[in-house]
Amino acid sequence: MANDADVIVVGGGLAGLVAATEIADAGKRVIVVDQEGEQSLGGQAFWSLGGLFLVDSPEQRRLGIKDSFDLALQDWMGSAGFDRKEDVWPKRWAEAYVAFAAGEKRGWLRTMGHRIFPVVGWAERGGYDAMGHGNSVPRFHVSWGTGPGVVEPFERRARQAQARGRLTFKFRHRVDAFEITTGVIDGVSGTILEPDDAPRGNSSSRKAAGDFTLHAQAVIVASGGIGGNHDLVRQNWPKRLGDAPKNLISGVAEHVDGRMIGITEAAGARLINRDRMWHYVEGIRNWSPIWPRHGIRILPGPSPMWFDASGRRLPSPLFPGSDTLGQLQYIMSTGYDYSWFVLTQGIIKKEFALSGSEQNPDLTGKSWLMTARRATNKGAPEPVEAFKRNGADFIVRRNLADLVAGMNALSGDNLLVLEQLKAQIEARDREISNPYVKDTQVMNIHNARKYIGDRLIRTARPHRILDPAHGPLIAVKLNILTRKTLGGFETDLDCRVFGRDGNIMPGLYAAGEAAGFGGGGMHGYRSLEGTFLGGCLFSGRNAGRAAAKAAG
């Protein structure tokens, strides 16, 4: 039986593209199979902000940031909290990935034309001790061109390989099963779906138009996670985070459904850490949705006051940008699955950004002029102002009484008491004018403004929330937004998949989110951010190189 290619890659997202281009560059023939159409090439990475975790980069050094492999690994391990016998390979992947981020990652991308916005962001700041969760220093490097700027070099390489006859795309081909010969994974079979020209991110037809079978020496599963499948998210929801939310919005398209994960597990692959997941608590409903239940994440600066559904301020250090998982756990412990930001126009103008390539036309379009206006505009960036005008989760009022009335009307729970919110806001406001305070969030604001990047474009000058000069007042109802799967198929550093019996499954590899971005969960329990795209890059590269070498 002649093989159709040397390697088959299931999934045309970032990890799949990276793997496929590495295989083609090694002189091997590769087929990329994807259930979506050609317009969706690049997968969910296309919609991302393009953030990359880098360590001791030139961008950091220019801003006076002192970083190192040892500090980054300390932060990673403190955040991951590895505590299971299944964490042997995830921990090895974590160490290897931090070395990659501190070493050749930036230069490797740069040779392909990738560039980075010069101001480094400070995500997941933690707020615990030095060995706890969080980035000790800013490490979030936004790609110039955002998500499309990350995808473009690999799509270009893939198109070049396609022109040379080394790479073949099979779009609208949905894998239903593996082909197995004498215990070796040597192909896939499935359904050809009818053509569908639905725009990128829109739901596409699942009507069958035929069948297919393809054979190769190896198969790489790079099919993504489960964030578009809310039933599966709830099924895997960990009890340590409380009951699963009744209301969820989606940070990923509907085709991120986990279907291929189930097929691969049924074939005998070992899926570990399925209860580790990364969902955001600052989700807002998209007023102009692309996919079903489309939500956008607010990337807040440190100044908005954060209240739970009943009007209690979130405890220290659960401030905006500090600890996503800690915030999620606290919010779910309240018995409600939403919370509130309360802020001013002065804060939203400087501190609100929205995650996603389509929400950042300046960075995505590589316009320095538009980007510079972020620091000089009288209002917030236009995508943020559009949400403020049109978003169902935004309330804008001139006084606190009207704001609280609007919040109660929006939630329908009538839990908020004006006097209680007013007392907490006034207490915070009394501290804001002093450089030395006991309010930990205000300390956090002062700390942020010591970093030039935050002072320039991400942290508003401290002011009283109830000062009319900085109004109007704004409240934002925050929803739980599904996003990333942190667990996945257990693999070695060559991305070879372990079976349930503990042995390598011959011919089977996994990369990207399907592999927990490497090893079955290299993030552990928490992410430091900028590590999802990077995990796709690193694991996709490892998988492609290893599969090409094994193909002989």
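Residues numbered from 1 in each chain as written. Predicted model: local features only at pLDDT ≥ 70, side-chain atom pairs only at ≥ 80, totals over all residues. Heavy atoms only, no water.

*Asks:* I'm lost on the sheet that holds strand β6 (residues 173-181) in this one. Help?
*Replies:* Spatial ordering of the open sheet is given by β6-β7-β8, a layout of 3 strands whose pairing is antiparallel. Looking at which strands have only one partner, the edges of the open sheet turn out to be β6 and β8 (208-215). Taking the axes of each pair of neighbouring strands and ignoring which way they run, one obtains an average angle of 20° across the sheet. (Pairing = 2+ DSSP bridges. Helix = DSSP H or I, 4+ residues; strand = E, 2+ residues; numbered from the N terminus. Axes fitted to C-alpha atoms, helices over the stretch in contact; angles between N-to-C directions.)

*Asks:* Whenever I open this one, the environment of Asp243 confuses me. Can you help?
*Replies:* Within the secondary structure, Asp243 is located in the loop between α7 (230-236) and β10 (249-250). According to the relative accessible area criterion, Asp243 is exposed, its value standing at 53%. Sequence spacing of Asp243 and Gln329 is 86 residues, and the spatial spacing of their C-alpha atoms is 9.8 Å. When neighbours within four sequence positions are excluded, Asp243 is seen to be in contact with Trp237 and Met332. (Buried < 20%, exposed > 50% of the residue type's maximum accessible area, 1.4 Å probe, protein only. Contact = heavy atoms within 4.5 Å.)

*Asks:* Got a minute to help me understand the packing of aromatic side chains in this structure?
*Replies:* Within a pair of aromatic rings, the relevant descriptors are the distance that separates the centres and the angle that separates the planes. Using the criterion set out here, one finds 24 aromatic pairs in the structure. With a centroid separation of 6.4 Å and an interplanar angle of 85°, the aromatic rings of Trp122 and Tyr451 are classed as edge-to-face. Here Tyr451 lies in the loop between α16 (440-448) and α17 (452-457) and Trp122 lies in the loop between α5 (105-110) and β4 (140-142), a separation of 329 residues in the sequence. In this pair, the class of Trp122 matches that of Tyr451, namely buried. Chaining the aromatic ring pairs together yields one cluster made of Phe53, Trp76, Trp93, Tyr97, Phe100, Trp108, Phe154 and Phe538. (Phe/Tyr/Trp six-rings, centres within 6.5 Å; stacked < 30°, edge-to-face > 60°.)

*Asks:* Looking at this model, I keep getting lost on the sheet that holds strand β2 (residues 30-34). Mind explaining?
*Replies:* Consider a sheet: its strands pair through backbone hydrogen bonds, and that pairing is either parallel or antiparallel. Pairing within the open sheet is mixed, and its 6 strands lie in the order β5-β2-β1-β9-β21-β20. One side of each edge strand has no neighbouring strand; the edge strands of this open sheet are β5 (167-171) and β20 (496-498). Adjacent strand axes in the sheet meet at a mean angle of 30°, parallel and antiparallel pairs treated alike. As defined by bridge partners, strand β1 (residues 7-10) adjoins β2 across 4 bridges and the pair is classed as parallel. The residue of β2 that forms the bridge with Val7 is Val30.

*Asks:* Whenever I open this one, the side chain of Ser40 confuses me. Can you help?
*Replies:* Assignment of secondary structure puts Ser40 in the loop between β2 and β3 (51-53). Those residues in contact with Ser40 that sit more than four places away from it in its chain are Arg200 and Gly201.

*Asks:* Help me understand the side chain of Asp275, please; the structure alone is not making it clear to me.
*Replies:* For Asp275, the location among the structural elements is in the loop between β11 (271-272) and β12 (277-285). Side-chain polar atoms of Asp275 contact the side chain of Arg240, separated by 2.8 Å. Excluding its chain neighbours within four sequence positions, the residues that come into contact with Asp275 are Arg84, Asn236, Pro238 and Arg240. (Polar contact = N/O pair within 3.5 Å; in protein donor to acceptor, adjacent residues only side chain to side chain.)

*Asks:* What am I meant to see in the nonpolar core here?
*Replies:* Among soluble globular proteins, nonpolar side chains are generally buried collectively. By size, the foremost hydrophobic cluster in this structure holds 140 residues, and its most contacted members are Ile220 and Val476. The leading source of residues in this core is helix α18 (residues 532-550), at 9 residues. Counting residues in hydrophobic clusters, the runner-up holds 15 residues, among them Ile65, Trp122, Val137 and Leu299. (Core = buried A, V, L, I, M, F, W, Y, C linked by side-chain atoms within 4.5 Å.)

*Asks:* Any chance you could explain the pairing of strand β21 (residues 504-510) here in plain terms?
*Replies:* Look at any regular strand and the pattern is simple: side chains alternate between the two faces of the sheet. Counting buried positions over the 7 residues of β21 gives 5, a clear majority of the element. By the bridge criterion, 2 bridges tie β20 to β21 in an arrangement that is antiparallel. When the bridges of β21 are listed, Arg496 appears paired with Tyr509.

*Asks:* I tried to follow the environment of Gly544 on my own but got confused; where do I start?
*Replies:* The topology assignment puts Gly544 in helix α18. On the accessibility criterion, Gly544 (0% relative accessible area) is buried. The sequence separation of Gly544 and Ala24 amounts to 520 residues, and the corresponding C-alpha distance is 8.8 Å. If near-sequence neighbours (up to four positions away) are discounted, Gly544 is found in contact with Ala19, Glu22, Ile23 and Ile220.

*Asks:* Which parts of the structure should I look at to understand helix α15 (residues 418-431)?
*Replies:* Residues lying three or four places apart along an α-helix face the same way, a consequence of the helix completing one turn every 3.6 residues. A rise of 1.5 Å per residue sets the reference length of α15, with its 14 residues, at 20 Å; its end C-alpha atoms lie 21 Å apart and thus fit the reference within 8%. Within the span of α15, buried status applies to Leu421, Ile425, Arg428, Asp429 and Glu431. The buried residues of α15 occupy one face: seen down the axis, they fall within an arc of 160°. Turned more than 90 degrees away from the buried face of α15 sit Glu419 and Arg430, all of them exposed. In this fold, the buried residues of α15 make contact with β14 (305-308), β15 (338-344), α14 (400-411) and α16. (Expected span 1.5 Å × (residues − 1). Arc of directions from axis to C-beta.)

*Asks:* Would you mind going over helix α9 (residues 324-333) with me for this structure?
*Replies:* Taken across its 10 residues, α9 has 8 buried, putting it largely inside the fold. Those residues of α9 hidden inside the fold are in contact with β12, β13 (295-299), β14, β15 and β18 (473-485). Following α9 by one or two positions, Gly335 adopts a phi angle in the positive range, close to 90°.

*Asks:* Help me understand the packing of α14 against α15, please; the structure alone is not making it clear to me.
*Replies:* The angle between the axes and the distance between the axes are what describe a pair of packed helices. Running from N to C, α14 and α15 point in directions that differ by 125°, and their axes come no closer than 10 Å. When the interaxial angle is binned, α14 and α15 end up oblique. Between α14 and α15 the crossing geometry is right-handed. Facing Leu400, Ala401, Val404 and Met407 of α14, the residues of α15 in contact are Leu418, Leu421, Lys422 and Ile425. Its residues assigned to classes, the contact of α14 with α15 comprises 7 nonpolar, no polar and 1 charged. (Parallel < 35°, antiparallel > 145°, perpendicular 65-115°, else oblique. Left-handed = near helix turned anticlockwise from the far one by under 90°. Nonpolar A, V, L, I, M, F, W, Y, C, P; charged D, E, K, R; others polar.)

*Asks:* Can you help me understand the pattern of salt bridges in this one?
*Replies:* Working definition: two side chains of opposite charge can pair if their charged atoms are close together. For the structure on display, the rule yields 36 salt bridges. Two residues, Arg157 and Asp25, come together in a salt bridge whose shortest N-O distance is 2.6 Å. With Arg157 in helix α6 (residues 146-163) and Asp25 in helix α1 (residues 14-25), this pair connects stretches of sequence that are 132 residues apart. In this structure, the salt-bridge partner of Glu155 is Arg159, at a minimum N-O distance of 3.7 Å. Of this pair, Glu155 and Arg159 both sit in helix α6, 4 residues apart, roughly one helical turn. Each of Glu22, Asp25, Arg157, Arg164 and Arg545 takes part in a single network of salt bridges with overlapping partners. (Salt bridge = Lys/Arg side-chain N within 4 Å of Asp/Glu carboxyl O.)

*Asks:* Is there a simple way to explain unusual backbone geometry in this structure?
*Replies:* When glycine is set aside, most residues are seen to have a negative phi, and most peptide bonds are trans. Cis rather than trans, the peptide bond between Ser316 and Pro317 has omega equal to 0°. Residue placement: Pro317 occurs in the loop between β14 and α9. With an omega of 5°, the peptide bond running from Gly471 to Pro472 counts as cis. Structurally, the position occupied by Pro472 is in the loop between α17 and β18. The phi dihedral of Thr146 is positive, around 50°, even though this residue is not glycine. Checked against the element boundaries, Thr146 lands in helix α6. Of note in this structure, Phe517 is not a glycine but carries a positive phi near 65°. If you trace the backbone, Phe517 turns up in the loop between β21 and α18. On the basis of relative accessibility, which here comes to 1%, the residue Phe517 falls in the buried class.

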